[in-house]
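Next come the chains, spelled out residue by residue.
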Amino acid sequence: MADYTIKVRRFQPESGEGPYWEQFKVELEPSLSVLDALLQTKDREDGSLAVRCSCRAAICGSCGMKINGQSGLGCKTQIGEAQELAEKKMGAVGGSAERAVVVIEPMGNMPVIKDLVTDMESTHWAKIRRVTPWLLPHGAPPEREYIVEPESMLDITQPMACIQCGACVSSCLSMEADPGFIGPAALAKAYRFVGDPRDAETKERLHDLAEDPHGIYDCTHCFACVDACPKDVAPMDQIMRLRRRAGEEGIEDPNSGHDHEIAFVKIIEKKGTLDESLLLQESFAPGIKGKLKPSKRAIKEMLGSIPTAIRGIKTGKMRSLPKLIPGIHHKLPDGAQDDVKAIYKHAEEHNEEFNLYIKGEEDVEPEPDEPTDAILGDEAAAAAESESA
Amino acid sequence: MGGIPTAASDFSPIASALVPTHDVLVIGAGLAGQRAALAAAEQGVSVGIISKVHPVRSHSNAAQGGINAALNPGDSWESHAYDTIKGSDYLGDQDAIEIMTREAPEEILHLEHLGVTFHRNAEGKLGTRAFGGASAARTYYVADITGQAIMHVLYEQLMKYSEQVARYEEWFSTALAIDENGECCGVVTRNVADGSMELFKAKAVILATGGNGQVWKPTTNALICTGDGIAMAYRVGAKLMDMEMIQYHPTTLAGKGFLITEGARGEGAHLLNAKGERFMETYAPNKMELASRDVVSRAEQTEINEGRGFPDGTVALDITVVPKKRVHEALREIVLVGRDFAGVDITREPIHIKPGNHYTMGGVKTDVDGRTDIPGLYSAGETACVSVHGGNRLGANSLLDTLIFGRRSGVDAASRAKRIEGSTPSKKVLEDEDAMIAEINSRAKGSGRRVSEIKLELGTTMDAKVAVFRDEAGIQEALEIVRRLKEETKTAYIDDHGSVFNQDLLGAIELGYMLDNAECTCIAALERKESRGAQYRTDFPERNDEEWLKHIDLEQTDDGPEISYSEVTITGWKPEARTY
Ligand SMILES: Cc1cc2nc3c(=O)[nH]c(=O)nc-3n(C[C@H](O)[C@H](O)[C@H](O)COP(=O)(O)OP(=O)(O)OC[C@H]3O[C@@H](n4cnc5c(N)ncnc54)[C@H](O)[C@@H]3O)c2cc1C
Ligand code: SF4
Ligand code: SF4
Ligand code: FES
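Here's what I pulled together on the structure shown here.

With that out of the way, let us pick up the overall build of chain A. If you tally the helices and strands in chain A, you get 18 helices and seven strands. Considering only intrachain contacts with a sequence separation of at least 6, the fraction spanning at least 24 residues in chain A is 65%. With the model as given, the accessible surface of chain A reaches about 17,000 Å², and the carbon-plus-sulfur share is 56%.

Here it is as structure tokens:
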């Protein structure tokens, strides 16, 4: 048993007062969950503390919340670990570890109804309904089952594993900027149908999701949803799959977002910081340094963005001209670059996990993703792999 | 947008001034409730479905293992029926079991056509896994999220048919309305979001509120499994049946009660005692780990009681013998459970487990179309007792039960709705419920015990006295405690007196339901003076077909449950000794 203090952001709608913070002392095993801490508080101290919960086992999706600022499930976050994180955070700003408390807030990007209970109907379920979330097969069903590739079922079992908890929605940066964004959970759900060989409206679905300005190109590839998701659904990966399928369908990515993101990831891995000159080049013409030639479209795009680059220099976003010349940008000093590599390695290992349904175990070869690997060699594989799920 | 129809408009709760009226009203939106609602809607009647949590939060999502059906060419419904009957220790009604096992293949195909992502074999056809108590591998599954996968697909269909089925998500039912002819005509329900109380009118009401696992602590069941429907039906005079039959699952994590699916043993995992012995050799030399659940749970409990378990009162489940790739592919959920809730990598080391409360075989007595003793009142799923599970439910038969009898209830309720005029429920039932809530609210802080304290005492009492091994003295003691707790509940106080999301109040109402469930289980367990299925009486260790091959039915009276008996339906399979 250990003692913890939880600090809960409360809102009692009938009190006539605004939201406020309240601290509670709890006593429980470090391996028990943040939800257990809340339930203990409810049971022993204040029954009016509202929190949705049911399964206590990360299955029902009720208990989405923010813990120390991170969106996730209360029942899946151990109180001991949450405390450690709180102490680390406190340390980082120079505070003393004793003063660290576990901070619990309702999910973000959603109106709060009471305490930790948010309105998921308007922010989550409405988006889910937006993607026509049911199977649309053609014609009458077969007499027996549909015969499909076994892998295809495993493939969409990853998005099927979504428990609709909303943690990804809570964490999504694009959603913050554009509340109309269909969002990670609903798009993961959309992939569940796009990837389903039994669905006959794949093309229509892809056009719909690509042409909606709040659709698949509205995602900034920020990884927040991947980190938040308690079920390893990796919504961002599902969105990238939708984009790739859209690309295969001949749908143009209006902002080259997909290539841009791969480039972004690769450059940071190599350089540690963002080398803007490379970004332009990699985004639109990932062939210049390597063996492949840039496509006509890529050249056009790159020329088209020269004014942007110049504007960038003028406004100070790109600080100097040499930065536009590939190779001048320096790597990070003092082994910091190794830290960056370590982060990538971690991400790669994570990635292994996302794909458990498909890959099964460690030693299964990742699917090759054509051009990118060839250009930047081994290092690029890490970035590319997040696409090839 | 292409040929895709857009989703129908958002569901808007019905304004308070009107009495919400539906032909068929389903209470509960787990697999049984959702299947019932869809089946009723297909008949062209208007349907409402009520759930105290959002439908996808329902407990059916916890079902990891799979769903049984004799669909393979080499398999037969007769074989499935026989396994179920033997598993039930001959207390299951064979007419109902025949219906369930015959209709199973079609139901699986229906689900597949709706979009369930069932596991495929190399040829791309539906693939199976082995489960306990079954003579063939006939369990269909989606990784280890079968219940979730099926329920989410049914919910997709509810969204698709939102014009035909009105959804009341986060509405909590408190009492059934019965008209002067003794027929069920509605239900009082509280809108959790704003605390308003509504009297719903319906021509048929289907109770599909799940089981009562929370009466025991620990349990594999979710916090919402408080036996609400069983108690609501009992309170208006419907009969309950087989209430003594409570399943303890062989592989649950100590303490929290989390379940490790039987799928693990289906994939070949071993059970080991502290000496490293595969002890099932002694208890079930043929079926080993895949004997029926009651058999395996008793074996484990015997090992633990006789000192061959681990110091934490457990034995070990060794999954490391299953190929790693297979574990990741088929048992991913328990890899996560092991990692997140026990700190164990199950692919590398054995995990400590013990028997834990899991399933309510008994419940509201129904016929094969879900009809209870009260006209207009139906029940399906874990709330109901048809009975297909008798003394012991086979793994992967429960999801099947919810779907088959959910569908049948929906169809029958719809045909009743088409047939009858329907009566308007009296306002009295609504006034009574308002008064009940006002009374709870009026109790001052400190006037009695906290609701949570009473729940805890109830749970630990039942787990200690009415579990794997039972005897008269223990059950009697539990019954006395339950009755004392019933008295104490009358003065138990809550902190929250508000309208919006008052979970404290709902908890107090649920406690009442739980105590009714507990009392009935104690009475039935005392009454059955033999050992059959989940009921193992150390003072009556043998099965006694002569006297006890019958159901125990309970009906509410002012002095508590009144006992009567009903015949077990036997169509062809005569009771035999049960060995595995
Ligand atoms: C951990 C676990 C694993 C399992 N694995 C399997 C398996 O592999 N195979 C198998 O066949 N079975 C399995 N089972 C059993 C099976 O999951 C359940 O028996 C079955 O899902 C019950 O479904 P249901 O529809 O009857 O009820 P539930 O899914 O429990 O749904 C009950 C519904 O009623 C609603 N409700 C309850 N009270 C009220 C009220 N007062 N007012 C309004 N609404 C209310 C709830 O909100 C919910 O929507 C498992 C069970 C557990 C606990
Ligand atoms: S990766 Fe995309 S969907 Fe995910 S949180 Fe970031 S912006 Fe949102
Ligand atoms: S994708 Fe993950 S985080 Fe998002 S709703 Fe589903 S389970 Fe929750
Ligand atoms: S309580 Fe079910 S997900 Fe946390």
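Next, the rest of the story.
Moving on to helix 1 (residues 31-42) of chain B. Residue and element names in this part refer to chain B. Compared with an ideal rise of 1.5 Å per residue, which puts 12 residues at 16 Å, helix 1 spans 16 Å between its outermost C-alpha atoms and is within 8% of the ideal. Of the positions making up helix 1, those classed as buried are Leu 31, Ala 32, Gly 33, Gln 34, Arg 35, Ala 36, Ala 37, Leu 38, Ala 39, Ala 40 and Ala 41. After helix 1 finishes, the residue Gly 44 shows a positive phi value of roughly 85°.

As a further point, take the sheet that holds strand 10 (residues 240-241) of chain B. Residues and elements named next belong to chain B. One open sheet holds the five strands; their spatial order is 17-15-10-18-19, and the pairing between them is mixed. Lying at the two open borders of the sheet, with one neighbouring strand each, are strand 17 (384-385) and strand 19 (560-567). In this structure, strand 18 (residues 550-557) lies alongside strand 19, joined through eight bridges in antiparallel fashion. Residue pairing for strand 19: Thr 557 is matched across the bridge by Gly 560. Contacting strand 10, strand 15 (363-365), strand 18 and strand 19, helix 5 (residues 228-235) crosses the sheet at an angle of about 40° to strand 15. On top of the sheet, helix 15 (residues 503-527) reaches strand 10, strand 18 and strand 19; it is set at about 50° to strand 19, its chief contact.

Further remarks concern the interface of chain B and chain A. Facing the 74 residues of chain B at the interface are 79 residues of chain A. Where chain B abuts chain A, roughly 6,400 Å² becomes buried across the two surfaces, and 54% of that area is made up of carbon and sulfur atoms. At the boundary of chain B with chain A, the tally comes to seven salt bridges. With its nearest N and O atoms 2.7 Å apart, the salt bridge here joins Glu 170 of chain B to Arg 52 of chain A.

A few words now on the side chain of Glu 98 of chain B. Residue and element names in this part refer to chain B. Mapped onto the fold, Glu 98 is located in helix 3 (residues 94-114). Buried charge without a partner: Glu 98 forms no salt bridge, and the closest opposite charge is Arg 102, 4.0 Å away. In contact with Glu 98, other than residues within four places in its own chain, are Trp 77, Thr 571 and Trp 573.

So, on to the environment of Lys 365 of chain B. All names here are of chain B. Relative to the elements of secondary structure, Lys 365 occurs in strand 15. Judged by its relative accessible area of 18%, Lys 365 is buried. Distance in space between the C-alpha atoms of Lys 365 and Glu 163 is 32 Å, their sequence separation being 202 residues. Not counting residues within four places of it along the chain, the set of residues in contact with Lys 365 comprises Lys 239, Leu 240, Met 241, Arg 371, Thr 372, Asp 373, Cys 385, Asp 553 and Ser 566.

All right, on to the packing of aromatic side chains then. All names here are of chain B. Taken as a whole, this structure holds eight aromatic pairs over all chains when the rule is applied. Each ring, one from Phe 258 and one from Phe 341, has its centre 4.7 Å from the other, and the planes form 75°; the classification is edge-to-face. Taken together, the residues span a long stretch of sequence, with Phe 258 in the loop between strand 11 (246-252) and helix 6 (263-266) and Phe 341 in helix 10 (residues 332-342) at a distance of 83 residues. For Phe 341, a relative accessible area of 14% puts it in the buried group. By way of ring pairs, the aromatic residues Tyr 168, Trp 171 and Phe 200 are connected into one cluster. Note that Lys 86 overlies the ring of Tyr 580, its terminal NZ or CZ placed 4.2 Å from the centroid. Across from the ring centre of Tyr 141, 3.8 Å away, lies the NZ or CZ of Arg 129, which sits over that ring.

Our focus in this paragraph is helix 7 (residues 184-194) of chain A. Among the 11 residues of helix 7 of chain A, 11 are classified as buried, and the element is accordingly described as predominantly covered. Turning to helix 7 of chain A, its buried residues are Pro 184, Ala 185, Ala 186, Leu 187, Ala 188, Lys 189, Ala 190, Tyr 191, Arg 192, Phe 193 and Val 194 of chain A.

Moving on: the environment of Ile 246 of chain B. Residue and element names in this part refer to chain B. Looking at where Ile 246 falls in the secondary structure, it is placed in strand 11. Residue Ile 246 is classed as buried on the basis of its relative accessible area, which comes to 2%. Taking the C-alpha atoms as reference, Ile 246 lies 17 Å from Asp 93; in sequence the two are 153 residues apart. Those residues in contact with Ile 246 that lie beyond four places of it in its chain are Asn 212, Trp 216, Asn 357, Tyr 359, Thr 360, Met 361, Arg 470, Thr 521 and Ala 534.

All names here are of chain A. Strands sit in the order 2-1-5-3-4 across an open sheet of five strands; the sheet is mixed. Each of the sheet's edge strands pairs with one partner strand only, and the pair in question is strand 2 (20-28) and strand 4 (70-73). Neighbouring strand axes in the sheet, compared pairwise and without regard to direction, differ in orientation by 35° on average. As paired elements, strand 3 (residues 64-67) and strand 5 (residues 102-105) share two bridges and run antiparallel to each other. Among the inter-strand pairings, Ile 67 is bridged to a residue of strand 5, identified as Ile 104.

Conventions and cut-offs
- Residues numbered from 1 in each chain as written.
- Chains lettered and ligands numbered in written order.
- Predicted model: local features only at pLDDT ≥ 70, side-chain atom pairs only at ≥ 80, totals over all residues.
- Heavy atoms only, no water.
- Helix = DSSP H or I, 4+ residues; strand = E, 2+ residues; numbered from the N terminus.
- Contact = heavy atoms within 4.5 Å.
- Areas by Shrake-Rupley, 256 points an atom, 1.4 Å probe, with all protein chains shown as cover.
- Expected span 1.5 Å × (residues − 1).
- Buried < 20%, exposed > 50% of the residue type's maximum accessible area, 1.4 Å probe, protein only.
- Pairing = 2+ DSSP bridges.
- Axes fitted to C-alpha atoms, helices over the stretch in contact; angles between N-to-C directions.
- Buried area = accessible area lost by both parts, 1.4 Å probe.
- Salt bridge = Lys/Arg side-chain N within 4 Å of Asp/Glu carboxyl O.
- Lys, Arg positive; Asp, Glu negative; His and termini not counted.
- Phe/Tyr/Trp six-rings, centres within 6.5 Å; stacked < 30°, edge-to-face > 60°.
- Lys NZ or Arg CZ within 6 Å of the ring centre and 35° of its normal.

Geometry only, nothing functional implied.
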